[in-house]
Amino acid sequence: MTQYVAEQFTPEEGDILRRYFTNLDKPVFALVNLPEVVKGALFARYSRSPKSLRRLFLDEFVGELDISGDVTIDATVGLRRAEELYDRVFFEYGDDSVAQLGGVHLACEQASNILTKVLEWGRLMSYLEQSTRYIDYLARIGGRYRYYRDPEVGESPLSGRYVGDMDRMFEAYGELLPAMTEFYRRHTPQDPDAPDFAYRQAIRAKALDSVRGMLPAATVSNVGIYGTGQSYELLLLRMRAHDLPEVQTYADLMLTELRKVIPSFLKRVDLDDRGVAWSDYMGDVQESMESVANYLLPADIPAEEAPTVRLVDYDPEAEIKMVASMLYPYTHLPEEQLEREVGAMGAEDRLSVVRAYVGDRANRRHKPGRALERPFYQFDILADYGAFRDLQRHRMLTLEWQKLNPRHGYTRPDSVGAAGCAPVFDEVMERSAALYDLLTRDFPEQASYAVSFAYKVRFAMGINARAAMHLIELRTTPQGHSVYRGIGQEMWRLIRDEAGHAAVAEMMRFVDLSEEPPLGRLDAERRAEERRQVRERA
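J.: Where do I start with the overall build of the protein chain in this structure?
T.: Across its full length, the protein chain holds 21 helices and eight strands. Within the span of the protein chain, comprising 538 residues, buried residues form 50% of the whole. Accessible area for the protein chain stands at about 25500 Å²; split by element, carbon and sulfur atoms hold 50% of it.

Next comes the structure, spelled out in structure tokens:
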């Protein structure tokens with residue numbers, strides 16, 4: 001059972017690609033010799049395309065670029081002198097900040113949806129991941145459905161069962177997608193004012209939303225990453241300490257490609273007394289924590305019933321402290337005295353400060369200042385893995401999640417039942433859970449590959465009010481997925497009602513509390529189509 005499928009290119013295509021990508025046959029590669037705006041545009045298009053990045057570049061970007069002068073470009077020119085300088089500054093003086101000054105666009109393809117969460121862990125990197133909401137996962141790679149095939153499982157007696165069950169899960173996904181597309185088309189007729197293309201895209205998005213829960217966590221995705229040398233170093237150290245073999249293997253692939261572009265910044269990763277020692281430390285801590293947790297909290301302790309979203313911690317005095325932080329730059333008072341003065345104010349006076357600080361927010365992209373980082377909330381959330389994947393990508397928060405398994409049950413969209421497709425959906429869930437149980441005996445780390453996105457995972461989210469404003473306003477927009485829309489709406493209600501932070505809630509004026517619209521993405525697709533038509537007329 002091979003892990004990755006090599007892409008095939010014609011000699012002419014290969015001649016072009018070698019100028020801009022660090023290899024042509026591996027799932028991990030860096031982008032070189034391209035303007036930064038082209039790299040950004042490529043990654044933006046990447047998230048909503050079923051194509052690999054190299055194929056996307058050939059099909060949609062080469063024709064727009066003047067590549068005639070790039071034939072002799074060599075990305076390695078100048079590396080020797082750069083390494084000498086780095087050795088002198090970094091190894092002699094230990095200035096880690098130097099490694100923050102060199103960045104790389106890295107494409108990570110054929111990565112399982114377990115691995116993608118590891119890749120997207122760091123706060124100080126930028127990510128774009130292939131979306132399950134805009135493209136289907138029926139296009140095969142090398143004749144195979146798009147799921148990760150673990151070599152250890154592939155060499156075991158479970159190989160046939162793993163491939164057979166995964167194939168049947170993808171087949172069921174393919175069976176339900178046209179059925180759900182037709183269901184939404186029948187039940188949400190086209191508005192005469194809606195362009196055909198926008199309507200079709202909105203219908204497709206709803207259908208994909210309703211069936212994405214059938215996909216297993218082994219489903220492979222493409223992730224575009226931009227990060228500094230320091231960020232990549234920390235990511236690789238964590239990956240080399242991870243228990244999952246796929247993650248360790250992928251770390252080696254990434255290191256190989258990154259060293260073609262920023263070798264100096266990654267010298268420490270596999271030095272015994274540097275990176276190896278750090279990774280060993282991380283691995284030892286993880287092993288110790290698993291041991292002590294299993295001893296003190298055995299797996300047979302029943303979990304209490306819990307709501308989807310629970311606010312488990314907050315500061316009752318947070319709004320007073322926040323108002324003091326808003327006023328701090330405009331006074332001469334020490335913070336402790338300022339908090340007393342604010343505490344003695346009336347509620348209306350404090351609210352006047354808040355309203356002045358927030359100003360006239362015309363849209364959700366107008367963000368108030370850092371005083372909103374003073375209030376802090378801790379949420380415990382139980383939601384399906386599909387919604388978790390979307391929320392996990394927010395980076396200015398503290399997120400911890402538990403291992404994915406079927407024990408918390410799954411979420412089946414009401415529309416699937418209304419369309420008469422519940423039996424097929426439920427059969428996939430049963431197959432997913434049975435395969436997980438089978439794998440967990442011999443391959444406990446790999447067992448999560450079998451768990452479908454519809455199964456619930458528990459995760460804890462620590463977030464300040466400023467980050468919460470961004471997350472909640474973004475994730476409650478009408479075009480958002482119904483599950484994470486509900487999570488965002490409940491977070492807002494808990495901040496307002498349970499924490500009693502009415503001023504914080506009032507600042508979040510672009511939270512959408514409406515019921516799910518029939519075609520949530522229709523307005524967004526209509527606006528996108530109007531922009532396309534304007535560009536074509538220009």
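J.: Just to check I follow, could you spell out the sheet that holds strand E2 (residues 103-112) for this structure?
T.: By definition, the strands of a sheet pair up through backbone hydrogen bonds, in either a parallel or an antiparallel sense. Taken in spatial order, the four strands make up an open sheet running E1-E2-E4-E3, and their pairing is antiparallel. Edge positions in the sheet fall to strand E1 (28-30) and strand E3 (126-129), since each of these pairs with one other strand and no more. Within this sheet the neighbouring strands show an average axis-to-axis angle of 15°, counted without direction.

J.: Explanation requested: the packing of aromatic side chains in the structure shown.
T.: Enumeration according to the criterion identifies 19 aromatic pairs in this entry. Seen from their ring centres, Phe21 and Phe29 are 5.6 Å apart, and the 80° between their planes marks the pair as edge-to-face. The pair Phe21 / Phe29 is uniform in exposure class, with both members buried. Here the aromatic residues Trp121, Tyr385, Phe388, Trp401, Phe453 and Phe459 are joined through ring pairs into a cluster of three or more.

J.: Can you walk me through a negative patch on the surface in this structure?
T.: A grouping of Asp243, Asp272, Asp273, Asp280, Asp284, Glu287 and Glu290 is seen on the molecular surface, where their side chains present a negatively charged patch. Mapped onto the elements, Asp272 comes out in helix H11 (residues 272-296).

J.: Teacher, can you tell me more about the environment of Met461 here?
T.: With respect to the secondary-structure elements, Met461 resides in strand E8 (residues 456-464). By relative accessible area, Met461 is classed as buried at 0%. Placed 60 residues apart in sequence, Met461 and Trp401 show a C-alpha to C-alpha distance of 8.8 Å. Excluding its chain neighbours within four sequence positions, the residues that come into contact with Met461 are Tyr377, Gln378, Phe379, Ile381, Leu397, Thr398, Leu399, Leu471 and Met491.

J.: Looking at this structure, how should I read unusual backbone geometry?
T.: In most cases, non-glycine residues show a negative phi, while peptide bonds are predominantly trans. Its identity is not glycine, yet Asn33 carries a phi of approximately 60°, on the positive side. The exposure class of Asn33 is partly exposed, given its relative accessible area of 28%. The phi torsion at Gln110 lies on the positive side, around 55°, for a residue other than glycine. Within the element layout of this structure, Gln110 appears in strand E2. A residue is classified by how much of its surface remains accessible, and Gln110, at 10% relative accessible area, is buried.

J.: Honestly, the side chain of Arg149 in this entry has me stumped. Any pointers?
T.: Structurally, Arg149 can be placed in the loop between E3 and helix H6 (151-154). In this structure Arg149 is buried but unpaired, with Asp167 as the nearest side chain of opposite charge at 4.3 Å. Engagement of the side chain of Arg149 in a polar contact is seen with the side chain of Tyr147, the distance being 3.0 Å.

J.: Is there a simple way to explain the sheet that holds E8 in this structure?
T.: One open sheet holds the four strands; their spatial order is E5-E6-E8-E7, and the pairing between them is antiparallel. Two strands lie at the open edges of the sheet, namely strand E5 (309-314) and strand E7 (398-401), each paired on one side alone. For this sheet, the mean inter-axis angle between neighbouring strands, taken without regard to orientation, is 20°. Bridge analysis of E7 against E8 gives four bridges, and the strand direction is antiparallel. Paired with Glu400 across the strands is Ala460, a residue of E8. Against the sheet, helix H15 (residues 385-392) makes contact with strand E6 (376-384), E7 and E8, and its axis sits at roughly 145° relative to E6, the strand it touches most. Against the sheet, helix H19 (residues 482-498) contacts E5, E6 and E8, and its axis sits at roughly 40° relative to E5.

J.: Before we go on, may I ask you to explain helix H17 (residues 422-442) in this structure?
T.: Think of an α-helix as 3.6 residues a turn; residues three or four steps apart then line up on the same face. Spanning 21 residues, H17 covers 32 Å between terminal C-alpha atoms, matching the ideal 30 Å at 1.5 Å per step. The complete set of buried residues in H17 reads Ala422, Phe425, Asp426, Val428, Met429, Arg431, Ser432, Ala433, Leu435, Tyr436, Leu438 and Leu439.

J.: When you look at the nonpolar core in this model, what are you seeing that I'm missing?
T.: Generally speaking, soluble globular proteins have nonpolar side chains that are buried together. Core analysis: the largest hydrophobic core is formed by 127 residues, its most contacted members being Met239, Tyr250, Met254 and Phe379. Considering each element in turn, this core owes the most residues, 11 residues, to helix H7 (residues 159-187). Setting aside anything within four residues of it in sequence, one finds Tyr250 in contact with Tyr4, Pro27, Val28, Cys108, Glu109, Ala111, Leu115 and Met239. Residues Phe21, Leu31, Leu42 and Phe61 belong to the second largest nonpolar core, which totals 20 residues.

J.: Would you explain the pattern of salt bridges in this entry?
T.: Pairing between side chains of opposite charge can happen when their charged atoms approach one another. All told, the structure shown has 36 salt bridges when counted by the stated rule. Of the charged contacts, one joins Lys117 and Glu120 as a salt bridge, the two residues approaching to 2.9 Å between their closest N and O atoms. Of the two residues, Lys117 and Glu120, neither departs from the other in class, the shared state being buried. Note that Arg161 and Asp165 form a salt bridge whose closest N and O atoms lie 2.6 Å from each other. Residue Arg161 and its partner Asp165 are both found in helix H7; the two are separated by four residues, about one turn of the helix. On the accessibility criterion, Asp165 (2% relative accessible area) is buried.

J.: Honestly, the packing of H15 against H19 in this entry has me stumped. Any pointers?
T.: For any two helices packed against each other, the geometry is given by the interaxial angle and the distance between the axes. Between H15 and H19, whose axes approach to 9 Å, the crossing angle comes to 60°. By the angle between their directions, the pair H15 and H19 is classed as oblique. Handedness of the H15/H19 crossing: right-handed. Facing H15, whose interface residues are Ala387, Asp390 and Leu391, H19 presents Val483, Tyr484 and Ile487. A class-by-class count of the residues in the contact of H15 with H19 yields five nonpolar, no polar and one charged.

J.: Looking at this structure, how should I read the pairing of E3?
T.: Every regular strand shows the same layout, with side chains that alternate between the two sheet faces. Of the two faces of E3, only one is covered, namely that formed by Tyr127 and Glu129; the face formed by Ser126 and Leu128 stays uncovered. For E3 and strand E4 (residues 220-228), the ladder comprises four bridges, and the chain directions are antiparallel. Opposite Leu128, over in E4, you have Gly224 as the bridge partner.

About the criteria used
Residues numbered from 1 in each chain as written. Predicted model: local features only at pLDDT ≥ 70, side-chain atom pairs only at ≥ 80, totals over all residues. Heavy atoms only, no water. Helix = DSSP H or I, 4+ residues; strand = E, 2+ residues; numbered from the N terminus. Buried < 20%, exposed > 50% of the residue type's maximum accessible area, 1.4 Å probe, protein only. Areas by Shrake-Rupley, 256 points an atom, 1.4 Å probe, with all protein chains shown as cover. Pairing = 2+ DSSP bridges. Axes fitted to C-alpha atoms, helices over the stretch in contact; angles between N-to-C directions. Phe/Tyr/Trp six-rings, centres within 6.5 Å; stacked < 30°, edge-to-face > 60°. Patch = residues over 30% accessible without salt bridge, like charges linked within 9 Å, V, L, I, M, F, W, Y side chains within 5 Å. Salt bridge = Lys/Arg side-chain N within 4 Å of Asp/Glu carboxyl O. Lys, Arg positive; Asp, Glu negative; His and termini not counted. Charge placed at Lys NZ, Arg CZ, Asp CG, Glu CD. Contact = heavy atoms within 4.5 Å. Polar contact = N/O pair within 3.5 Å; in protein donor to acceptor, adjacent residues only side chain to side chain. Expected span 1.5 Å × (residues − 1). Core = buried A, V, L, I, M, F, W, Y, C linked by side-chain atoms within 4.5 Å. Parallel < 35°, antiparallel > 145°, perpendicular 65-115°, else oblique. Left-handed = near helix turned anticlockwise from the far one by under 90°. Nonpolar A, V, L, I, M, F, W, Y, C, P; charged D, E, K, R; others polar.

These results come straight from atomic positions and should not be treated as a statement about function.
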